[in-house]
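Descriptive analysis of the structure
Here's the letter readout for the chains.
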Amino acid sequence: MKPRISTYLCICFLQVSVFAFVFPSLAQNQPGKLRGKVIDAGSKEALPFASIAVYGEGDNLVGGGISEDNGKFTVDLPFGRYYALVEFMGFEAFKSDFFTINRENPNFDLGDISLSATASDLEEVTVQGEKTLMELALDKRIFNVGKDLANAGGTASDILMNLPSVAVDPEGNVRLRGSSNVRILIDGKPSGLVSFKGSSGLRQLQANMVERVEVITNPSARYEAEGIAGVINIILKKDNKQGFNGSFEVIGGTPLNLGFSTNLNYRHKRINWFINYGFARRHQPYISELYQEVYENGNTYILSQNNSGKVRGYNNNIRGGLDYYFNEQSILTLSYLWRRSDAHRITNIRYEDYLNTLDNYLGYSLRKQDETEQEPNSEVVVSYKRNFEQKGHELTAAFTYLNYWENSDQLFTEYSFTPSGQEIPSEDLVQTSLNDEYENQYLLQLDYVKPISKEGKFETGLRTSFREMKNDFIVKEKDESGNFLPLPGLDNIFLYNENILAAYGILGNKTGNWSYQGGLRAEHTDVETILAETNERNPRKYTNLFPSAHVTYNITQENAFQLSYSRRVRRPVYNDLSPYVTFSDQRNFFSGNPDLNPEFTDAFELGHIKYFEKGTLFSTAYYRNTTDKIERIRIVNEDGFSETLPFNLTGEQSYGLEFSADYRPKPWWKLDLNLNFFHANIDGSNIEAEFQAKTTSWLMRQTSRFTLDNGWDLQLRGNFDARQKTAQGIRKGIFFMDLSASKQILEERGRLTLTANDILNSRKNRYIIEGENFFTEGSSQFVRRQINLTFSYRIKQ
């Protein structure tokens, strides 16, 4: 049934696209013409492929075109009164006076239009390099990540770690304002990078391929309702400047980090080609330790565990495509993205067992994990955008196909010893684990925007997605005769099928200093999980409404408030539901829970933004009320073996204050500060009466950037994530610092950057977890101090 539906969606998409392509050609011949020639004011040479847009008296777009190789252009127009806007990348825009085309004067000639190069081009400084690090708006914040020196040589995960409001723990999990439930998109769409591995999959994407990141803490109905804390949208690089331009980057670091990436663009007339490629070879050492007490029958069983290992990985990313301009109002985009990650993981674990006290040593065991992993995945996107005559009137359609596959082949060996070090052969273990994971996802989205009245607009759209996921897993153990036999309950095929259909509408307007918009999104979810070998089925169907509202009051252009509300959802995803148990650690297992329900949140925000002569202050008060909160709970049996899996808690109420500010006390010194204070009441009494917590915590990030003489830049950042209570215990505080320095070379087109991330090697995840019959304290460090030297070079940028 699903393949038929996806085929139907493809047909629908093609029909919509063909209609949109043909529509412009149906326009009647226009009785008048606008002519002119675009030239460079400095060299007096013609500027080909400059864009010309013609607007009516109501700022509605009437027509347009591009200049030819000789700089000349002709635009057909109906009779009326207009003005023209001429633009060319790297030059100041030209806006003409109003002119009239009528029966008496059907042709109008603007003559030679001289465009002057922008100041940044005259100084041979890149457009991106001149962007501010953070662009603040009341509904979202945009971070131009190329300006942040600490991102050089890193990954997309490192970029998020350096953003205000965002925290990334040592395992790669992303939290926004203290909540781990955040929706991560790439170019506004779901990505295979975060399907199976969650946000930790962003470590496979090199930072140099990222243009900017948008952080939206209270999204409108236009965005899918997934993500309690909000949406993080990662935008990849793509340029549309005429001619050829690009950049490349070479990386070397310790622990081993070798990489190369390039971003190339070529635009000629109506076609813009783009390609991004990144390669990385990394060695990532990691360590962790755990101390656990289990109370059973009057005795205390103590476990002291130490893990150490290294991942040797290769990552390849390539993304290519084209934009085809039917005209300036009609653009078709085709793109293909392919990634492959290959990794070899070795983990050594030492278990030491004691009874009642650390003086009563019972012996130890040594376990080794040897894993080979392959992860190829690809994405295909076809999108079309049509701008109509009226300014802001547009239609966009996009079809996305994701394909993901992961193969994990693991060998485990374990040997036990007496306190004196003598091996116990009868307790030796040899185990294998073979796991194949597959995903196919089809996504179709249609969005329409129509301006109404003078400053209002109406938005509507449809979105439908189909996901088919499969996990084929089997764990075997070697018996006394040398045969490998499946372990009970660990030989199955888990199937996950998800269909989501959504529609939304938004109406907004502006009156005086007030602007407002209200929206409603409806989503129907159809999810079914199947254990094929045992024919266990768990179907779920539910339909929900997600309202949103935003009201803004502008006191002045530099001072504004916004009040907003949205309803959000966190649906249990594949890893939350899959019963497959990770087997790398014989004493500590992790799995999903097929019986999970979605969690819902009502989010309120009051934001204020104030611009000063030397800086900006952005402040927000927020409140979130969550029901059926999904949180992982640790359970320990009488043998001391633990299993960690997600459950629905009764809920959580949280509120906080956030401040983001930038200030330039001196022309050569810029300060950025982010502070987030929050309080949360967690109620997990439906699981255990003791699973209740009230926590007050805060996050701080401060960056100082110094622009020195002779092309030198220096940057220092401090990060602190304070202690926070959870339903079962405590997550201890984390403090770390990053230091970066860069030097412009090769006539300011090249740059050498030295980064030292976590220079104190203090970024460790430390925690305490308690239950009715156990106490666990542990720490882990999956990302060590990293030092990178990066060389980057710009070509015609």
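Residues numbered from 1 in each chain as written. Predicted model: local features only at pLDDT ≥ 70, side-chain atom pairs only at ≥ 80, totals over all residues. Heavy atoms only, no water.

**Some remarks on the overall build of the protein chain**
For the protein chain, the helix and strand inventory stands at five helices and 44 strands. By the burial criterion, 52% of the 797 residues in the protein chain qualify as buried. Long-range pairs, those at least 24 residues apart, make up 66% of the contacts in the protein chain with a sequence separation of at least 6. (Helix = DSSP H or I, 4+ residues; strand = E, 2+ residues; numbered from the N terminus. Buried < 20%, exposed > 50% of the residue type's maximum accessible area, 1.4 Å probe, protein only. Contact = heavy atoms within 4.5 Å.)

**A word on the pattern of salt bridges**
Applying the stated criterion to the full structure yields 28 salt bridges. Where D721 meets R731, a salt bridge forms, and the shortest distance between an N and an O atom there is 3.6 Å. Of this pair, D721 sits in strand 37 (residues 712-721) while R731 sits in strand 39 (residues 729-731), and the two are 10 residues apart along the sequence. Relative accessible area serves as the criterion here: at 8%, D721 is assigned to the buried category. Linked by salt bridges that have partners in common, E226, R521, E523 and R571 make up one network. (Salt bridge = Lys/Arg side-chain N within 4 Å of Asp/Glu carboxyl O.)

**A short note on the sheet that holds strand 32 (residues 630-636)**
Here we have three strands laid out as an open sheet, ordered 29-33-32, and mixed in their pairing. The sheet terminates laterally at strand 29 (588-590) and strand 32, the two strands that pair on one side only. Direction aside, the axes of adjacent strands within the sheet are offset by 30 degrees on average. Sheet topology places strand 32 next to strand 33 (residues 642-648); seven bridges connect them, and they run antiparallel. (Pairing = 2+ DSSP bridges. Axes fitted to C-alpha atoms, helices over the stretch in contact; angles between N-to-C directions.)

**As for the packing of aromatic side chains**
As enumerated under the stated definition, the model contains 24 aromatic pairs in all. Taken together, a centroid distance of 5.8 Å and an interplanar angle of 20 degrees make the contact between W669 and F706 stacked. One end of the pair, W669, is in strand 35 (residues 669-683); the other, F706, is in strand 36 (residues 692-707), and 37 residues separate them in sequence. Look at W669 and you get partly exposed, because its relative accessible area is 26%. One aromatic cluster is present, formed by F248, F260, F791 and Y793 through successive ring pairs. In this arrangement the basic side chain of R587 is found over the ring face of Y351, its NZ or CZ atom lying 4.5 Å from the centre. The ring of F612 is capped by K610, whose NZ or CZ atom sits 5.3 Å from the centre of that ring. (Phe/Tyr/Trp six-rings, centres within 6.5 Å; stacked < 30°, edge-to-face > 60°. Lys NZ or Arg CZ within 6 Å of the ring centre and 35° of its normal.)

**Describing the environment of E523**
Considering the arrangement of structural elements, one finds E523 in strand 26 (residues 514-531). Residue E523 is classed as buried on the basis of its relative accessible area, which comes to 2%. Put simply, E523 and R463 are 60 residues apart on the chain and 9.1 Å apart in space, counted from C-alpha to C-alpha. With near-sequence residues (within four places) excluded, E523 lies in contact with E224, A225, L501, A502, Y542, T543, N544, F546 and R571. A polar side-chain atom of E523 sits 2.7 Å from a polar atom in the side chain of R521. Of the polar contacts made by the side chain of E523, one reaches the side chain of R571; its length is 2.2 Å. (Polar contact = N/O pair within 3.5 Å; in protein donor to acceptor, adjacent residues only side chain to side chain.)

**Considerations on the environment of F604**
By the element assignment, F604 lies in strand 30 (residues 599-611). Through-space distance from the C-alpha of F604 to that of Y623 is 5.2 Å; in sequence the pair is 19 residues apart. Once residues within four sequence positions are removed from consideration, F604 is found in contact with N218, S564, Y565, A621, Y622 and Y623.

**Concerning the nonpolar core**
Judged by nonpolar contacts, the single largest core of 19 residues is most densely connected at L34, V54, L77, F99 and L115. When residues of this core are traced back to their parent elements, those giving at least two are strand 1 (32-40), strand 2 (51-56), strand 4 (72-77), strand 5 (80-87), strand 7 (99-101) and strand 8 (107-115). The contacts of L115, once residues within four sequence positions are left out, are V38, I39, D40, A41, L47, V86, F88, F91, E92 and F94. (Core = buried A, V, L, I, M, F, W, Y, C linked by side-chain atoms within 4.5 Å.)

**Here's the deal with a nonpolar patch on the surface**
A cluster of nonpolar side chains, namely W514, Y516, V551, I555, F561, L563 and L606, defines an oily patch on the protein surface of about 630 Å² accessible area. The set of elements that each furnish at least two residues to the nonpolar patch consists of strand 26, strand 27 (536-556) and strand 28 (559-570). (Patch = residues over 30% accessible without salt bridge, like charges linked within 9 Å, V, L, I, M, F, W, Y side chains within 5 Å. Areas by Shrake-Rupley, 256 points an atom, 1.4 Å probe, with all protein chains shown as cover.)

**Quick notes on the sheet that holds strand 8**
Here we have three strands laid out as an open sheet, ordered 4-1-8, and mixed in their pairing. For this open sheet the edge positions go to strand 4 and strand 8, each flanked by a neighbour on one side alone. Strand-to-strand twist of the sheet, defined as the mean angle between neighbouring strand axes without regard to direction, takes the value 20 degrees.

**A word on the confidence of the model for the protein chain**
Per-residue confidence for the protein chain averages 84 on the pLDDT scale, and 86% of its residues sit at or above 70. This stretch, residues 1-29, has a pLDDT under 50; its non-local contacts, to residues over four places away or in other chains, come to 26 contacts. Note that residues 119-132 has pLDDT below 50 and, in this model, 21 contacts with residues that lie over four places away or in other chains. (pLDDT = per-residue confidence, 0-100.)

**Re unusual backbone geometry**
The amide bond that connects T254 to the next residue, P255, takes the cis arrangement and shows omega of -5 degrees. Mapped onto the secondary structure, P255 falls in the loop between strand 16 (243-254) and strand 17 (257-268). With a phi angle near 55 degrees, N297 is a residue other than glycine that sits in the positive phi range. With respect to the helices, strands and loops of the structure, N297 is situated in the loop between strand 18 (271-296) and strand 19 (299-327). With relative accessibility at 71%, the residue N297 sits in the exposed group. Positive phi is not limited to glycine here, since S453 has a value of about 50 degrees.

**Concerning the side chain of N263**
Within the secondary structure, N263 is located in strand 17. Relative accessible area serves as the criterion here: at 4%, N263 is assigned to the buried category.

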